[in-house]
Amino acid sequence: MTDAVLEQTVFHDLHVELGAKMVPFAGYAMPVQYPLGVMKEHLHTRTKAGLFDVSHMGQVLLHGDNPAESLERLVPVSLIPLAEGRQRYAMFTNEDGGILDDLMVANRGDHLFLVVNASCKDADIAHMKAGLPDCEIEVIKDRALLALQGPAAEAALSALVPSAAEMVFMDVSVVASDYGELWISRSGYTGEDGYEISVSNENAVEFAKALLAQDDVEPIGLGARDSLRLEAGLCLYGNDIDTTTTPVEAALEWAVQKARRNGGAREGGFPGAQVILAQFETGASRRRVGILPEGRAPMRAHTLLFADETATESMGEVTSGAFGPSIEGPMSMGYVATEFAQTGTKIFAELRGKRVPATVADMPFRPSTYKR
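Residues numbered from 1 in each chain as written. Predicted model: local features only at pLDDT ≥ 70, side-chain atom pairs only at ≥ 80, totals over all residues. Heavy atoms only, no water.

Draft legend 1. Just helix H8 (residues 273-282), in detail. What H8 keeps buried is the set Ala 273, Ile 276, Leu 277 and Gln 279. Looking down the long axis of H8, one finds its buried residues gathered within 150° of arc, a one-sided arrangement. Opposite the packed face of H8, turned more than 90 degrees from it, sit the exposed residues Gln 274, Glu 281 and Thr 282. Lining the buried residues of H8 we find strand S6 (87-93). (Buried < 20%, exposed > 50% of the residue type's maximum accessible area, 1.4 Å probe, protein only. Helix = DSSP H or I, 4+ residues; strand = E, 2+ residues; numbered from the N terminus. Arc of directions from axis to C-beta. Contact = heavy atoms within 4.5 Å.)

Have a look at this one:
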């Protein structure tokens with residue numbers, strides 16, 4: 001795919017002006033890194049604040065008589081009790097219990113605000129239109145999306161929007177500002193405190209420049225975004241979760257509230273419920289785990305995993321792997337046979353024809369710093 005056929009976000013010229021290296025990602029030309037470099041961008045986000053363009057993701061408003069009740073038909077998550085001004089992580093599932101996409105759902109009073117992954121947004125919108133005939137699905141095309149992440153994010157945003165400082169993790173608000181109406185959530189995908197901010201296309205570049213004008217804020221590309229989310233133990237759709245993985249296999253049981261499980265007030269009623277709820281009772285044959293390789297070499301996606309040095313059949317596979325700048329060592333996540341999923345279990349990976357030892361580890365690899 002060449003740049004000529006890639007979509008561009010409203011920030012494209014700004015990325016180029018800032019010296020970004022642009023690459024194809026989910027059909028868009030996106031910045032993979034800036035002159036600072038991936039390692040320094042990662043560490044800057046951990047110590048100060050990083051600004052990410054995530055405008056390629058899908059923004060959708062869901063209207064209806066009871067959109068939360070309606071949306072529960074498509075997700076295994078409890079949305080009816082979600083308070084106004086709060087958001088929750090959710091996932092679309094298929095009839096086999098596989099994950100079609102993961103998404104954020106915010107209660108904004110008389111409607112829901114959804115943010116879906118770029119690579120899945122067209123399929124997600126079609127899925128909602130087919131499955132929610134009682135709802136109006138409004139696709140937002142005139143707004144950009146920024147993520148401001150890191151310990152200095154609160155000070156940076158509240159300099160422009162003072163009320164942002166009052167929000168806590170997973171709060172959402174609609175705020176008037178000098179840059180038009182902002183849709184703000186106190187969330188993100190780095191393991192850091194921070195915000196995601198939807199801003200109109202006409203004000204987006206000016207708003208981004210106002211954030212970048214502050215000493216603590218640097219632009220951050222996809223390279224550091226990947227290592228940050230991996231240190232935080234967070235899944236990348238298409239790598240760590242997809243239509244072949246169930247929420248139980250993916251260790252996402254925490255996202256399925258008791259009300260939707262066996263014996264709950266609104267048990268089942270979502271695609272794949274029979275498969276997923278059975279796995280809650282009996283377990284799954286494999287599980288997503290953290291993996292810490294010995295030595296300095298990262299074990300990257302598709303690296304095969306083995307029970308011991310001589311096993312001929314692999315019992316798992318790495319789905320994401322990188323060097324973790326904050327933990328100063330390599331880290332991976334992947335799927336192993338459930339009997340090998342316990343923390344501290346020694347396993348082996350096939351790297352360049354050799355069996356290299358690794359240890360099953362808890363995630364996140366670095367503690368998260370959300371403002372509770």
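And the narrative resumes.
Draft legend 2. The sheet that holds strand S9 (residues 136-140), seen in detail. Read from one edge to the other, the open sheet built from five strands follows the order S6-S7-S8-S5-S9, with strand pairing classed as antiparallel. The strands lining the two open edges of the sheet, one partner per strand, are S6 and S9. Between one strand axis and the next, the sheet turns through 30° on average, direction left out of account. Pairing between strand S7 (residues 99-107) and strand S8 (residues 111-116): five bridges, direction antiparallel. Paired with Ala 106 across the strands is Phe 113, a residue of S8. (Pairing = 2+ DSSP bridges. Axes fitted to C-alpha atoms, helices over the stretch in contact; angles between N-to-C directions.)

Draft legend 3. Spotlight on the pairing of strand S5 (residues 58-63). With five of six residues buried, S5 lies mostly within the body of the structure. Two strands pair when backbone bridges link them, and S5 and S8 are joined in this way by six bridges, in the antiparallel orientation. Across the sheet, the residue bridging to Leu 61 is Phe 113, located in S8. Where S5 and S9 come together, five bridges link them in antiparallel fashion. If you follow His 63 over to S9, its bridge partner there is Glu 136.

Draft legend 4. Local environment of the pattern of salt bridges. Taken as a whole, this structure holds 16 salt bridges when the rule is applied. One salt bridge in this structure joins Arg 287 and Glu 253, with 2.9 Å as the shortest N-O distance. Note that Arg 287 is positioned in strand S15 (residues 286-293) and Glu 253 in the loop between helix H7 (222-231) and H8, a separation of 34 residues in sequence. One salt bridge connects Glu 294 with Lys 346, and the closest N-O pair in it is separated by 3.5 Å. Within this pair, whereas Glu 294 is found in the loop between S15 and strand S16 (304-306), its partner Lys 346 is found in strand S19 (residues 346-351), the two being separated by 52 residues in sequence. Taking the relative accessible area as the measure of exposure, Glu 294 reaches 40% and is therefore partly exposed. (Salt bridge = Lys/Arg side-chain N within 4 Å of Asp/Glu carboxyl O.)

Draft legend 5. Up close: the state of the cysteines. What the rule picks out here adds up to zero disulfides. Sulfur of Cys 120: no disulfide; nearest cysteine sulfur belongs to Cys 235 and is 13 Å away. Overall, the relative accessible area of 7% leaves Cys 120 in the buried class. (Disulfide = S-S within 2.5 Å.)

Draft legend 6. Structural detail: the nonpolar core. With 28 residues, the main nonpolar core has Leu 51, Leu 148, Leu 157, Ile 184, Tyr 195, Ile 197 and Phe 207 as its most contacted residues. Elements with a contribution of two residues or more to this core: strand S4 (49-53), strand S10 (143-149), helix H5 (153-158), strand S12 (182-185), strand S13 (194-200) and helix H6 (201-212). Per-element accounting of this core gives the leading share, six residues, to H6. Beyond its immediate stretch of four places on either side in the chain, Leu 148 contacts Ala 49, Gly 50, Leu 51, Ala 153, Ala 156, Leu 157, Gly 194, Tyr 195, Ile 197, Leu 211 and Val 217. (Core = buried A, V, L, I, M, F, W, Y, C linked by side-chain atoms within 4.5 Å.)

Draft legend 7. Seen up close, the pairing of S13. For S13, the buried fraction is high: seven of the seven residues fall into the buried class. Burial of S13 is two-sided: the residues Gly 194, Glu 196, Ser 198 and Ser 200 facing one way and the residues Tyr 195, Ile 197 and Val 199 facing the other way are all buried. Bridge count between S10 and S13: seven bridges; the pairing is antiparallel. When the bridges of S13 are listed, Leu 145 appears paired with Ser 198. Where S12 and S13 come together, three bridges link them in antiparallel fashion. Each residue of the ladder has a partner; that of Ser 185, found in S13, is Glu 196.

Draft legend 8. Spatial organisation of the sheet that holds strand S14 (residues 217-219). The strand order across the open sheet built from six strands is S11-S12-S13-S10-S4-S14, with neighbouring strands paired in mixed fashion. Here the strands that pair on one side only, and so sit at the sheet edges, are strand S11 (172-175) and S14. Within this sheet the neighbouring strands show an average axis-to-axis angle of 25°, counted without direction. Each of S4, S10 and S14 touches helix H2 (residues 38-47); the most contacted strand, S4, lies at about 120° to it.

Draft legend 9. Region of the structure containing the packing of aromatic side chains. Within this structure, the stated rule accounts for four aromatic pairs. Relative to Tyr 370, the ring of Phe 169 lies with its centre 4.1 Å away and its plane at 10°, an arrangement referred to as stacked. Note that Phe 169 is positioned in the loop between H5 and S11 and Tyr 370 in the segment after strand S20 (354-361), a separation of 201 residues in sequence. Assessed through its relative accessible area of 16%, Phe 169 is described here as buried. The exposure class assigned to Tyr 370 is buried, which follows from its relative accessible area of 18%. For the ring pair Tyr 179 and Phe 207, a centre distance of 5.3 Å and an interplane angle of 55° mean the geometry is tilted. You can see Tyr 179 sitting in the loop between S11 and S12 and its partner Phe 207 sitting in helix H6, a full 28 residues away along the chain. Just above the ring of Tyr 335 sits the side chain of Arg 286; from NZ or CZ to the centre is 4.6 Å. One cation-aromatic arrangement involves Arg 355 over Phe 306; the distance from NZ or CZ to the ring centre is 3.6 Å. (Phe/Tyr/Trp six-rings, centres within 6.5 Å; stacked < 30°, edge-to-face > 60°. Lys NZ or Arg CZ within 6 Å of the ring centre and 35° of its normal.)

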